[in-house]
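What follows is each chain in one-letter form.
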Amino acid sequence: MTALVLEQALNGLQFGVMLFLLAAGLTLVFGIMNLVNLAHGSLYMVGAYLWVAGMQWTGSYLLGVLIALAGTLVVGMVVEVVALRTLYERDHLDQVLATFGLILFFNELIAILWGRSALYAALPGWLRGHIDLFGGAVYPVYRAAVIAVGLAVAGALWYVVARTRLGMLIRAGASNRTMVAALGVNIRLLYTIVFGFGAALAGLAGLMAGPIYAVQPGMGELILIQVFVVIVIGGIGSIRGAFLGALIVGMVDTMGRAFLKPMLGTVVSPTVADAAGPAIASMLIYLLMAVVLAVRPEGLLPARGS
Amino acid sequence: MAEALLEIRGLAKAFGALRATDGVDLDVREGETHAVIGPNGAGKTTLISQLSGNLLPDAGRIRFAGEDITTLPAPARSHKGLARSFQITSIYREFTALDNVALAVQAHAGHSFRFWRPARAERRLREPARAILEEVGLGARADVTAANLAHGEQRQLEIAMALASRPRLMLLDEPVAGMGIDESQRMIRFLAGLKGQRTIILVEHDMDAVFTLADRISVLVYGRIIASGTPEEIRANPEVRSAYLGEEAAG
Amino acid sequence: MRLPPRTIALCAALACLAAVPPLAALLDQPFYLDLFRRIMIFAIAAISLNLILGYGGMVSFGHAAYLGIGGYAVGILAFHGVHSGWLQWGLAIGGSALVAAAIGAVSIRTSGIYFIMITLAFTQMLYYLGISLEAYGGDDGMRLAARSDFSGLIDLADPWSFYYFVLAIMTAFIYITHRIVNSRFGMVIRAARSNEPRTRAIGFSPYPYRLAAFTIAGAMCGVAGALLVNHTVYLTPEFMHWTRSGEILFMVILGGMATSAGPVLGAVALLILEDLLTGWTQHWQLYLGLLLVLSVVFFRRGLAGLLPGSRDDG
């Protein structure tokens with residue numbers, strides 16, 4: 001029993017870490033450029049597809065990863081320069097609609113290039129298999145690796161934002177764009193870099209998701225909405241909030257799906273639990289969001305000055 | 001002595017390291033026109049915003065007509081009898097001047113959960129609104145879209161909207177800001193006509209307006225009131241002269 | 001009485017829509033009757049969204065939820081043998097209103113991007129709920145057992161009757177919305193959108209008004225949902241898919257926000273465009289997506305903004 005709980009907890013952590021990567025990118029872009037980017041999920045999708053393509057083309061996992069990361073970075077920056085620059089001055093509604101259009105565009109583009117069915121690519125030998133945990137449990141090497149990479153990136157992100165000049169520019173740009181520009185910083189370049197960085201994070205999440213979740217058109221939006229929940233719970237514009245929110249959402253969703261039905265089964269009849277369990281489990285994170293909104297609308301760890 | 005209409009005790013508001021309001025004590029008597037002056041950045045608008053309910057203070061208390069309104073939200077304060085005009089013109093640009101004032105009247109004329117009857121057909125709203133526009137001198141411009149009004153006319157509209165709720169206390173934030181000589185003279189004459197009928201707290205840079213209208217003046221510097229008294233007392237106060245009036249006397 | 005150009009255009013549009021069934025019969029193209037009926041149903045959804053978005057400034061990305069609630073209310077009752085249109089539609093309207101009030105209660109305390117994300121999230125929640133309802137078809141959905149029965153007053157199985165029924169409802173909603181936005185209530189909503197600090201300063205607290213508007217809009221869209229399920233004779237969670245919310249949003253923007261004609265024009269334009277594109281290529285979403293981006297970038301005031309007298313509808 002503990003083995004099962006431990007396994008699900010780790011899965012929750014793994015899911016949370018991926019949500020964090022996406023949430024961090026999205027919240028950075030929103031916090032600094034005041035841009036609502038619904039197409040963030042598309043970048044995640046691009047990352048996954050480029051990894052599959054890269055793997056199939058080169059036969060090497062690491063090259064596939066490299067191609068995915070570099071490719072998503074490039075795609076992100078191109079999209080920023082070509083399509084998103086005009087949107088910075090527009091209101092959020094226009095940004096929502098324009099990026100919604102981008103989603104349709106990207107989903108269809110991917111479908112044209114790779115078809116609509118889910119793609120699979122095999123993991124290299126050194127990422128397959130299980131590792132032993134205490135309590136007799138085993139855990140897939142790959143998922144453990146995802147957790148490790150995600151936490152490492154989270155740490156690196158914190159370091160960059162809190163301790164480096166670039167991070168300082170980012171935080172300054174978030175609170176006063178015109179001032180930063182007046183100081184001689186090339187704001188356009190900063191924006192493109194930040195956006196590219198956010199895209200790379202999304203691409204990383206995408207390529208890590210490849211072996212675990214289905215790689216198909218529309219995969220970005222499924223996870224994007226959960227990323228929204230993370231941001232609302234954590235507090236917008238805040239990386240710490242994104243981290244906390246992502247862990248909470250990851251855990252609640254994973255554990256809920258795994259244990260709600262059996263838990264319900266102890267208090268109500270099996271038939272009711274069978275029907276209600278999955279239904280409620282799928283709604284759990286949204287209900288959690290509603291509770292946070294009711295109690296603390298600005299989120300758990302909102303960015304300072306918001 | 002009668003209790004003051006407005007009592008402020010120990011009001012404080014900080015933005016990070018900047019103490020915009022740094023322990024303000026002030027009494028304003030009913031019927032008085034009280035001017036708050038001070039150099040730029042002294043925290044005058046911040047003070048007004050805390051009085052109107054647009055900003056919540058970090059510490060201190062505000063009592064209005066004997067009631068503690070420190071944390072009362074802005075709409076509720078309007079219903080208690082406070083009204084405010086904004087330093088940076090804040091009107092409904094796409095509505096006509098008449099619509100603007102009628103909305104302000106509507107807020108105090110029964111409830112607004114009416115879904116069918118056109119608000120523009122309600123005489124109960126339109127007539128008082130027209131009357132107020134006449135009073136402030138905008139009668140002829142009632143049907144002009146607010147965005148098309150001249151700057152000075154928009155400032156007049158601000159005052160009109162504040163009057164619409166028939167407030168006991170008016171908080172006027174630089175009412176003649178950006179107005180030409182003639183317009184400000186007209187506005188000052190108009191505000192002088194309100195003296196005694198209503199209690200007014202006036203934030204102004206225009207010394208002409210201040211010394212014409214004020215019964216008492218408080219001087220705000222770096223979030224603190226350094227002097228408070230009659231216009232003569234303030235004119236004579238050496239601290240005030242050096243901190244503030246010295247600059248103004250030259251300009 | 002001189003009517004403004006916009007009203008004339010709207011009346012012309014309504015007249016054209018009224019002429020569709022006989023024209024379709026004349027040309028022996030029943031497809032057009034179907035198409036325009038569908039357009040009008042979505043126009044009703046767009047009209048309801050326009051109330052809160054165009055006039056109220058509330059960017060709800062979750063409006064499709066009420067299409068689902070309306071549709072499922074009718075479908076579930078029909079599944080259980082309750083075919084009375086009165087009961088079904090009563091549940092559709094009441095259920096939508098209730099859910100809108102609940103979602104609105106927590107969402108409206110936020111604004112801007114939060115509000116967008118939250119409304120999107122709640123719709124997704126309902127979508128997942130729909131999928132998990134295995135008894136009612138789950139993922140695949142299910143056929144509508146029978147059309148709503150209005151005790152013989154209207155026969156929804158007759159294409160013409162159903163068509164004019166939808167037209168009547170749409171026209172009624174246009175009129176009702178017109179009355180609402182010019183009433184005291186409507187003025188508060190519009191004022192809150194125009195200048196919220198000023199609105200609070202004069203004594204209005206926007207929250208209760210916005211919540212009421214949100215609820216009304218939800219209920220109106222619930223009617224659209226009930227109509228939609230009767231039209232498609234099929235019930236699926238796709239009614240509530242978030243991309244559908246995006247479509248309705250786009251209809252409102254494309255048509256021109258805060259205008260009476262806007263939602264109708266937007267629905268006509270978008271759905272006809274989709275129809276044309278679908279006929280042309282299976283990759284129509286590529287072009288639609290591109291068009292969306294371009295139209296947002298270049299086309300600020302929507303189709304209704306092209307008509308003379310372009311001002312806030314009053």
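Refer to the preceding data block for the structure.
So, here is what we can say about the structure in this document. In this text the structure is predicted, and so the values were computed from the model without any measurement.

About the criteria used
Residues numbered from 1 in each chain as written. Chains lettered and ligands numbered in written order. Predicted model: local features only at pLDDT ≥ 70, side-chain atom pairs only at ≥ 80, totals over all residues. Axes fitted to C-alpha atoms, helices over the stretch in contact; angles between N-to-C directions. Helix = DSSP H or I, 4+ residues; strand = E, 2+ residues; numbered from the N terminus. Parallel < 35°, antiparallel > 145°, perpendicular 65-115°, else oblique. Left-handed = near helix turned anticlockwise from the far one by under 90°. Contact = placed C-beta atoms within 7 Å. Nonpolar A, V, L, I, M, F, W, Y, C, P; charged D, E, K, R; others polar. Pairing = 2+ DSSP bridges. Expected span 1.5 Å × (residues − 1). Buried ≥ 20, exposed ≤ 12 C-beta atoms within 10 Å, placed from the backbone. Core = buried A, V, L, I, M, F, W, Y, C linked by C-beta atoms within 7 Å. Domains from an automatic or database assignment.

Some points on the packing of helix α3 (residues 61-84) of chain A against helix α8 (residues 187-209) of chain A
Residues and elements named next belong to chain A. Interaxial distance between α3 and α8 falls to 8 Å at its minimum, and their mutual angle equals 140°. In this view, α3 runs oblique relative to α8, as classed from their interaxial angle. The interaxial crossing formed by α3 with α8 has right-handed handedness. Mapping the contact onto sequence places Val65, Ala68, Leu69, Thr72, Leu73, Val75, Gly76, Met77, Glu80 and Val81 in α3 and Thr192, Phe195, Gly196, Ala199, Ala200, Ala202, Gly203, Leu204 and Leu207 in α8. In the contact of α3 with α8, the residues fall into 13 nonpolar, 5 polar and 1 charged.

Considering the sheet that holds strand β6 (residues 82-85) of chain B
Residues and elements named next belong to chain B. Here 6 strands make up an open sheet; going across it, the order is β6-β7-β8-β3-β9-β10 and the pairing mixed. With partners counted over all chains shown, the strands left at the sheet margins are β6 and β10 (224-229), one partner each. For this sheet, the mean angle separating the axes of adjacent strands, direction not counted, is 15°. Strand direction decides the pairing type here: strand β9 (residues 216-221) and β10, joined by 5 bridges, are antiparallel. Across the sheet, Ile217 pairs through a bridge with Gly229, a residue of β10. Sheet strands touched by helix α5 (residues 151-163): β6 and β7 (169-173). Its angle to β6, the strand with the most contacts, is close to 170°.

A short note on helix α3 (residues 64-79) of chain C
Side chains three or four residues apart in an α-helix point the same way, a direct result of the helix having 3.6 residues per turn. Residue and element names in this part refer to chain C. Taking 1.5 Å per residue, 16 residues should reach 22 Å; α3 reaches 22 Å between its end C-alpha atoms and fits that length. In terms of burial, α3 is largely enclosed, as 14 of its 16 residues are buried. Following α3 by one or two positions, Gly81 adopts a phi angle in the positive range, close to 90°.

Topic: the packing of helix α9 (residues 219-234) of chain A against helix α5 (residues 112-132) of chain C
Interaxial distance between α9(A) and α5(C) falls to 9 Å at its minimum, and their mutual angle equals 130°. Here α9(A) is positioned oblique relative to α5(C), judged by the angle of their axes. Our pair here, α9(A) against α5(C), has a crossing hand that is left-handed. Listed contacts from α5(C) to Ile225(A), Phe228(A), Val229(A), Ile231(A) and Val232(A) of α9(A) are Tyr114(C), Met117(C), Ile118(C), Leu120(C), Ala121(C) and Gln124(C).

Here we look at the nonpolar core
A general feature of soluble globular proteins is that nonpolar side chains tend to end up buried together. Ranked by internal contacts, the top residues of the largest apolar core, which has 271 residues, are Leu22(A), Ala23(A), Val229(A), Val101(B), Ala160(B), Ile44(C) and Ala121(C). If one sorts the elements of this core by residue count, helix α1 (residues 2-33) of chain A sits on top with 16 residues. A domain split of this core shows at least three residues from each of domain 1 (1-81 + 167-251) and domain 2 (96-166) of chain B.

Examining the pairing of strand β3 (residues 33-37) of chain B
Residue and element names in this part refer to chain B. Within β3, 5 of the 5 residues are buried, leaving the element largely enclosed by the surrounding structure. Every second residue of β3 is oriented toward a common face, with Thr33, Ala35 and Ile37 on one face and His34 and Val36 on the other, all of them buried. Here β3 runs beside strand β8 (residues 199-203); their pairing, made up of 4 bridges, is parallel. Bridge assignment links His34 to a residue of β8, and that residue is Ile201. As judged from the 4 bridges shared by β3 and β9, these two strands associate in the parallel manner. Note that in β9 the partner of Ala35 across the bridge is Ile217.

A closer look at the environment of Val136(B)
All names here are of chain B. Relative to the helices and strands, Val136 resides in helix α4 (residues 123-136). Residues Val136 and Asn100 lie 36 residues apart in sequence; the distance between their C-alpha atoms is 14 Å. Those residues in contact with Val136 that sit more than four places away from it in its chain are Gln156, Ile159, Ala160 and Phe190.

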